[in-house]
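# Chains, contacts and geometry: an overview
The lines below spell out each chain.
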Amino acid sequence: MTLEPNGGGLVPGKFLTASDLGGEAATAPRAEFKTVLLDQSGAPVVPNGSLGHRFTPEDEGSWNLDLGDVTPPLSLADLADTNESVEVLLPRFDLPPEAGSEHAGGSGVVVRGVPVRRVAGKLVTTVFDLLLAQYGVARAGLPGEWPSGYDDPTTPGTPAWQEEITSVPAEQAARLGREFADNAERSGGRSMILMGAGTNHWFHSDTIYRTFLALTTMTGCQGVNGGGWAHYVGQEKVRPLTGYSQYATAADWIRPPRQNIGTAFWYLATDQWRYDGLPADQLASPLARGVFQDRTTADCLVESVKRGWMPAHPTFSRNPLDLCDEAEAAGKEPAQHVVDSLTDGSLSYAVEDPDAPENFPRVIDIWRANVLGSSGKGNEYFLKHLLGTESAVRASETPEDARPRDIRWRDDAPIGKLDLLMTADFRMTSTTLFSDLVLPAATWYEKYDLSSTDMHPFIHSFSPAINPPWQTRTDFDIFGSLAERFSQLARTHLGVRRDIVAAPLQHDTADVMATPHGVPRDDLPLIPGQTMAKLIVVERDYPNLAEQWKALGPLTAKLGMTTKAVTYRPDVEIERLARLNGTVASGPFAGSVRLDSDKRACELILAFSGTSNGRLAVQGFRELEKRTGQRLAHLAEDHEGAHITFSDVQVQPRSVITSPEWSGSEHGGRRYTAFAINVEHLKPWHTLTGRQHFYLDHDWMEDLGENLPTFRPPLDMHRLFGDGRPGTTRRIGGPYAAQQTEVTVRYLTPHSKWSIHSEYQDNLFMLSLSRGGPTIWMSAEDARKVDVRDNDWIEAYNRNGVVVARAIVSHRMPEGTVFMYHAKDRTVDVPIAETSGQRGGIHNSLTRILLKPSHLIGGYAQLAWAFNYLGPTGNQRDEITTIRRRSQEVEY
Amino acid sequence: MRVMAQMSMIMNLDKCIGCHTCSVTCKQAWTNRTGVEYVWFNNVETRPGVGYPRGYEDQEKWGGGWVRTKRGRLKLRSGGRLAKLSRIFSNPKLPGIHDYYEPWTYDYDMLINAPRTAHTPVARPKSLLTGEDMKISWSANWDDNLGGSLETMQDDPILTKMSEEVQAEFEKAFMFYLPRICEHCLNPSCVASCPSGAMYKREEDGIVLVDQDQCRGWRMCVSGCPYKKVYFNHRTGKAEKCTFCYPRIEVGLPTVCSETCVGRLRYLGLVLYDADRVSEAASVEDDKALLQAQRDIILDPHDPAVIEGARAGGIPEDWIEAAQRSPIWKLMQYEVALPLHPEYRTMPMVWYIPPLSPVVDVVTGSGNDGEDARTLFAAIDKLRIPIGYLAELFTAGDVAPVDASLRRLAAMRSYMRGVSIDDVRDERIANAVGMTGTEIEEMYRLLAIAKYEERY
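Because the structure is a prediction, the values reported are computed rather than measured.

### With respect to the UniProt feature "domain: Molybdopterin dinucleotide-binding" (unreviewed entry) in chain A
Mapped onto the present numbering, the UniProt feature "domain: Molybdopterin dinucleotide-binding" (unreviewed entry) falls on residues 746–857 of chain A. Annotation note: span residues 746–857 of chain A, helix share 11%, strand share 24%, distance between end C-alpha atoms 29 Å.

### Observations concerning a nonpolar patch on the surface
Residue and element names in this part refer to chain A. Among the surface-exposed residues, Met192, Leu194, Tyr232 and Met455 lie close enough to one another that they form a single nonpolar patch of about 400 Å² accessible area. Topologically, methionine 455 is positioned in the loop between strand E13 (449–451) and strand E14 (458–462). By relative accessible area, which is 55% here, methionine 455 ends up exposed.

### What to know about a negative patch on the surface
Residue and element names in this part refer to chain A. Where like charges cluster on the molecular surface, the negative patch consists of Glu400, Asp401, Asp411 and Asp412. By the element assignment, aspartate 401 lies in the loop between helix H14 (379–387) and strand E11 (420–425). With relative accessibility at 73%, the residue aspartate 401 sits in the exposed group.

### Here we look at the domain arrangement of chain A
Residue and element names in this part refer to chain A. Along its sequence, chain A is carved into domain 1 (3–146), domain 2 (192–233), domain 3 (610–622 + 634–694) and domain 4 (717–885). One C-alpha centre belongs to domain 1, the other to domain 3; they are set 34 Å apart. Around 1200 Å² of area is buried between domain 1 and domain 3 when both sides are counted, 71% of it from carbon and sulfur atoms. Linking domain 1 to domain 3 there are four residue pairs in polar contact (both at pLDDT 80 or more). For the side of domain 1 that touches domain 3, the residue count by class is nine nonpolar, five polar and two charged.

### Remarks on the packing of helix H4 (residues 159–166) of chain A against helix H5 (residues 170–187) of chain A
Residues and elements named next belong to chain A. Where H4 contacts H5, the two axes come as close as 8 Å, and the packing angle between them is 120°. Our classification of the angle between H4 and H5 gives oblique. Between H4 and H5 lies a crossing whose hand is right-handed. Residue-level inspection shows Pro159, Ala160, Gln162 and Glu163 of H4 in contact with H5, the latter providing Ala170, Ala173 and Ala174. Residue classes in the contact of H4 with H5 are distributed as five nonpolar, one polar and one charged.

### A look at helix H10 (residues 297–306) of chain A
In an α-helix, one turn spans 3.6 residues, which is why side chains three or four residues apart end up on the same side. All names here are of chain A. H10 sits mainly inside the fold: nine of its ten residues count as buried. When H10 is considered as a whole, its buried residues turn out to be Thr297, Ala298, Asp299, Cys300, Leu301, Val302, Glu303, Ser304 and Val305. Buried residues along H10 sit in contact with helix H8 (262–269), helix H9 (273–276) and helix H25 (699–704). Within two residues after H10, glycine 308 carries a phi angle of roughly 80°, on the positive side.

### Section: the domain arrangement of chain B
Residue and element names in this part refer to chain B. According to the domain assignment, chain B contains domain 1 (7–12 + 24–101 + 138–244) and domain 2 (263–455). The C-alpha centroid of domain 2 is placed 24 Å from the C-alpha centroid of domain 1. With 46 residues of domain 1 at the contact, the number on the domain 2 side is 46 residues. Contact between domain 1 and domain 2 buries roughly 4100 Å² in total, counting both sides, with carbon and sulfur atoms accounting for 66%. By the criterion of area lost to domain 2, the three top residues of domain 1 are Ile10, Asn12 and Leu186, representing 21% of everything that side buries. If you look at where domain 1 meets domain 2, you find one salt bridge. Linking domain 1 with domain 2 are 24 residue pairs in polar contact (both at pLDDT 80 or more). Of all the elements in the fold, those that place two or more residues in the side of domain 1 that touches domain 2 are strand E1 (3–12), strand E3 (66–68), helix H6 (157–161) and strand E7 (176–180). Per element, the largest residue contribution to the side of domain 1 that touches domain 2 is six residues, and it comes from E1.

### Points about the packing of aromatic side chains
For the coordinates displayed, the defined rule picks out 39 aromatic pairs over all chains. With centroids separated by 5.8 Å and ring planes inclined at 90°, the aromatic side chains of tryptophan 161 of chain A and phenylalanine 711 of chain A adopt a geometry described as edge-to-face. Linking tryptophan 161 of chain A in helix H4 with phenylalanine 711 of chain A in the loop between H25 and helix H26 (717–721), this pair joins segments that are 550 residues apart in sequence. Of the residues examined, phenylalanine 711 of chain A reaches a relative accessible area of 27% and is grouped as partly exposed. An aromatic cluster of three or more residues is present, and its members are Tyr38, Phe41, Tyr52, Tyr100 and Tyr231 of chain B. The ring of tryptophan 40 of chain B has lysine 27 of chain B lying over it, and the distance from NZ or CZ to the ring centre is 5.1 Å. Positioned above the aromatic ring of tyrosine 56 of chain B, the side-chain terminus of arginine 180 of chain B is 3.7 Å from the ring centre.

### Description of the sheet that holds strand E10 (residues 363–367) of chain A
Residues and elements named next belong to chain A. Across the sheet, three strands lie side by side as E10-E11-E12; this open sheet has parallel pairing. One side of each edge strand has no neighbouring strand; the edge strands of this open sheet are E10 and strand E12 (437–440). With direction set aside, neighbouring strand axes in the sheet form an average angle of 15°. Two elements, E11 and E12, share four bridges in a ladder whose sense is parallel. Bridge pairing in E12 places alanine 424 opposite leucine 439. Strands E10, E11 and E12 of the sheet are contacted by helix H16 (residues 475–493), whose axis makes an angle of about 155° with E10.

### So, the interface of chain A and chain B
At the junction of the two partners, chain A supplies 51 residues and chain B supplies 54 residues. Summed over both partners, the interface of chain A with chain B buries about 4300 Å², with 58% contributed by carbon and sulfur atoms. It is Phe765, Leu769 and His811 of chain A in chain A that bury the most area against chain B; as a group they hold 18% of the surface buried on that side. At the boundary of chain A with chain B, the tally comes to three salt bridges. Residue aspartate 144 of chain B pairs with lysine 753 of chain A through a salt bridge whose shortest N-O separation is 3.1 Å. The tally of links between chain A and chain B comes to 21 residue pairs in polar contact (both at pLDDT 80 or more). Elements represented by at least two residues in the side of chain A that touches chain B include exactly H5, helix H27 (764–769) and strand E24 (801–810) of chain A. The residue inventory of the side of chain A that touches chain B, partitioned by class, reads 20 nonpolar, 15 polar and 16 charged.

### Here's the deal with the environment of glycine 49 of chain B
Residues and elements named next belong to chain B. Structurally, glycine 49 is set in the loop between strand E2 (43–47) and helix H2 (59–62). Classification of glycine 49 as buried rests on a relative accessible area of 2%. Sequence spacing of glycine 49 and isoleucine 158 is 109 residues, and the spatial spacing of their C-alpha atoms is 8.7 Å. With near-sequence residues (within four places) excluded, glycine 49 lies in contact with Asp143, Asp156 and Tyr389.

### Quick look at the pattern of salt bridges
Oppositely charged side chains can pair when the atoms bearing their charge come close. Here the structure, examined in full by the defined rule, presents 89 salt bridges over all chains. Between aspartate 422 of chain B and arginine 186 of chain A there is a salt bridge; the shortest N-O distance is 2.4 Å. Here arginine 186 of chain A lies in helix H5 and aspartate 422 of chain B lies in helix H19 (residues 399–422), a pairing that spans two chains. The partly exposed category is assigned to aspartate 422 of chain B, whose relative accessible area is 34%. Overall, arginine 186 of chain A belongs to the partly exposed group, its relative accessible area being 40%. Each member of the salt-bridge network shares a partner with another, and the members are Asp271, Arg274, Asp355, Glu397 and Lys417 of chain A.

### Some thoughts on the side chain of serine 23 of chain B
With respect to the secondary-structure elements, serine 23 of chain B resides in helix H1 (residues 21–30). Here asparagine 42 of chain B takes part through its side chain, which lies 3.3 Å from a polar atom of the side chain of serine 23 of chain B. Setting aside anything within four residues of it in sequence, one finds serine 23 of chain B in contact with Leu769 of chain A together with Trp40, Asn42, Asn43 and Val44 of chain B.

### Overview of the environment of leucine 291 of chain B
Residue and element names in this part refer to chain B. For leucine 291, the location among the structural elements is in helix H12 (residues 290–297). With a relative accessible area of 5%, leucine 291 lands in the buried category. The spatial distance from the C-alpha of leucine 291 to the C-alpha of tyrosine 38 is 33 Å, given a sequence separation of 253 residues. Aside from chain neighbours lying at most four places away, what touches leucine 291 is Leu338, Pro339, Trp351, Thr395 and Pro401.

### A few points about the pairing of E2 of chain B
Most of E2 of chain B sits out of view: five of its five residues are buried. Residue alternation in E2 of chain B divides its side chains into two sets, Asn43, Glu45 and Arg47 of chain B and Val44 and Thr46 of chain B, and both sets are buried.

Cut-off values and rules
Residues numbered from 1 in each chain as written. Chains lettered and ligands numbered in written order. Predicted model: local features only at pLDDT ≥ 70, side-chain atom pairs only at ≥ 80, totals over all residues. Heavy atoms only, no water. UniProt positions renumbered as here; feature names shortened; annotations may be inferred. Helix = DSSP H or I, 4+ residues; strand = E, 2+ residues; numbered from the N terminus. Patch = residues over 30% accessible without salt bridge, like charges linked within 9 Å, V, L, I, M, F, W, Y side chains within 5 Å. Areas by Shrake-Rupley, 256 points an atom, 1.4 Å probe, with all protein chains shown as cover. Salt bridge = Lys/Arg side-chain N within 4 Å of Asp/Glu carboxyl O. Buried < 20%, exposed > 50% of the residue type's maximum accessible area, 1.4 Å probe, protein only. Lys, Arg positive; Asp, Glu negative; His and termini not counted. Charge placed at Lys NZ, Arg CZ, Asp CG, Glu CD. Domains from an automatic or database assignment. Buried area = accessible area lost by both parts, 1.4 Å probe. Polar contact = N/O pair within 3.5 Å; in protein donor to acceptor, adjacent residues only side chain to side chain. Nonpolar A, V, L, I, M, F, W, Y, C, P; charged D, E, K, R; others polar. Axes fitted to C-alpha atoms, helices over the stretch in contact; angles between N-to-C directions. Parallel < 35°, antiparallel > 145°, perpendicular 65-115°, else oblique. Left-handed = near helix turned anticlockwise from the far one by under 90°. Contact = heavy atoms within 4.5 Å. Phe/Tyr/Trp six-rings, centres within 6.5 Å; stacked < 30°, edge-to-face > 60°. Lys NZ or Arg CZ within 6 Å of the ring centre and 35° of its normal. Pairing = 2+ DSSP bridges.

Here's what the structure looks like:
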């Protein structure tokens, strides 16, 4: 790592790369993405396996982690001739805010020393040395402020320091750390952190995750069966990934698909941004260089979209079909037309003006989701701005001086942006209740489908026990019917059109080298695929959409199928699928493979994935062997002839085949564990260094003070948005008790014991085994403060909305925190709230979307967008609520 | 000696996560009908807690099970035939519906057919008894996960018996789950209570059943059962209870609750016992001697005399083999399994391996290594909570057998940690609890690996 001057001292800077070394190394292709380490003698070495080796033809065979004779020292102090050390400044975020800036979180700087050397004229140290400084591990002879021992609570990193924040006893934290490491050492890495949604929903979840990863990586547990980090949130592992992606995105007909980041889409579509105004610079490090100056986090989203880091649809202020027509009229390529129009200001991005009617989402078709009863954070904003129904939003819009700089403010907030909400479901959920159209859907027991998960290495089938009853249809038939009707209408209304898709800089492609050293530049022209999104023209044959949907398109054979930078050529598979499924008899696509039934679609998925087709798995590994120079294909060769068909999985679930689509190995009957192939076969991680990262050197990470895993407290909703202060009570008087009191507490929404998200939460058995409706768990202490007894009706409110529930008072809850199970629909036993006069809310009535800038970075190594991989999270755990006892006479 | 076979169950409480899958699948299979809406043949209680029906363990109140007379004979706690006859039309010891819970449903139809209203429609609760709107104030599992609801802590019959005070404080909470079905007792007080001769214990496998044709609905079985595992069907007017899923058992399938158990904590199998000595064992003077008395009448299926007796009693050869392979016999041999409330003197045959986790939690919470054998042994010796609580549940208050069981479980953890981490087989750990390393490894296989074929 280089060290750079900042604020009168030195701070950790950028990874030293081959481009810094001068000479031959610097002129090698992609030298800016070839990171450098020091060998045992202290000499710089450009090792194999970093990002710079991944996509360059010259480096074929060297994208691997084989260091040969080089044994890099972890610390420069391990080198005999290191005799220099310097102080570095590291940000800390655990301090109380200073007087006069109570609105901002408290932060400061801690000064710690690291050993240094000079390489290519730059002052450098190692990531490990910086990590020890960050964690406060004192070593003899280093300058700086260090803890006096584990029992020193005054400086970050010690067990005693964490006790003041977490209330976990210092001795216990120390013992746990030792046991974790000791067990890892003695068992060869079988210490594991296993978690569900626990920490993922905090605003600063990424720093928490990185802390976990630092622990499991330092103890050598990653890639070890029984060790490492097993997190089970959002881990819907579609084992047959390649075939699934082909089918789900229609990649056989048109590439690329239009995929979006849900969090930001809803943030804008539901106008939550109008109430947010979260100043990005209040998240910044005291050592920040001003990246976030005078900007809100919403402005960061705008920048992210404009740079092509994250996708956003609609992308532009005009219809992309029209943009193509305009280009044609002007005799230009559509991409050039878009670039020219953006440059001269005649075209802008939709994220810059989400409240312009032309940028509203007009039709939403919801399939297998419950956004209004379960997943959508900021439920009341959905109701108000997207649907235009009654809502319990209590917040005021952001005052003028705190509004986003780069988003146009329209004084009249849109109410009811949506024209049509259509939902396919088999339950009456909050979402179907609010839908204009409800399409009754078949359940799992009424259709053919495939299922796979991260929890076990099998592919399952669904087979109908009965036919879909009454008017219900399978989702396959629903989409088929819609496609037929759409195609009919399209003959009149749309015809064949050209469309231009703005595709973000994509993970696992050369796009991730768009930002050398993680320095976003403002002095470059708009170049699609480098300084902005790629602009790709596709043809939309709308009148033939239904026919296309029922047939395999030509692109699969022509372009192959690329998953995580490995391209599969399913030539044999297409022929076999043609025999298995039959071919289209007539029409424009006669001779194509038939995909006109759910079972045939399942056959495609199984035939086109390495996990279910050994030939493709071996083919993929052979391609990866060329790239890495490492032997890999043996992991799948014993299954090269195996092809799991749909009838196979109907007989019984089938174990998957080891495939480069995933990083674990099932070879020899072994159970999957992530990164086994990386650890055991020296295949690089898909990161800048090709290694697991403790340090992120993007400019935004530096300004956030998060180069290294660090502690960041929950957002202070009191300071930021004026809610009550957690732990405080307030006398309110009121109609039900003369001296009525309310209490402000932290509000958590963990997974429910009695449902799977909102599924089953209305089931009578589940309701009879629990308390039969929405409840909020609270501590005996908090209950006492507000005169609430077990099973009393209470109301919880904050600026986002209101919840009516019954209290479960328990000594198993800590004082100051309540929780409400997530995904409680407003369908069962939800009375009218006194606070709003409207139907009491769902758990997400008290939450709202908040964007963290670090989640919006793209176009740089592992910090690049991929569907379901990287993007802004939905987070709601920093939220607080105020609770009071309400009238026990409830009305419905 | 009269050798008889008994189908039995053992549940390993350390593995119960309280998911209630057993309850739901049982209810779906057996009591998904009108008249038994409130009935859960299988329920899972959070302990400390009041259970279902609430406070059922308070036999002073409910009068279930047997008591020993001064002359050393057993009589039903609720009185003999005459006493029963005298109150046959109004049984004061019968739990009311509110001791179970008032079953309800919701106005689900509103979600589909609501008239036009100002607010979104909602399904509000309706009593299944009266059809009226209601506020839900008790359920089949009201104190789930509470470890003693603050509102009902004083009503847990076990806590009231304990000399130590369980503290309702965040840091000191302890909790575990207790799944319950009918105990299929060797000395069933429900059968003895039935005035109509409708309740019977099947001769071949000891499963306790209600003859629906014979039952006259007197409900003496409900009061007679100290576990409150016989229920009254309000629609048919007859008693119903857990059948041990005999239609499944008869074709070699595990019970529904066992089959669907996520934690793989249930073991099923035959044991052979000496039917001649049941009354004698159930009548020993000291409550605390009941466990040993019951253990003593369970017969070694490998003993030639027992085998001969079994054959003489008409027990088929494959049943004898099944008793020899039975995981129940093995777990009883390891002396890690204990009956629920032996002091009721019904000789229950659903036993439990007490949970070590509450002890480990306390040890870990105090900053020590909860897996270390010596620390754990010391804790087991010292900790009266939760061990005292477990003793009130499983050994009529005698701490020694609970200690012994927990020590073996603790030894198993420590021994196996040595095996898997350091590749060391430390016989001393095994010997300290009166076992050999080989035995510990066998017990580990049965308890921890818990293969389907080996559990049933």
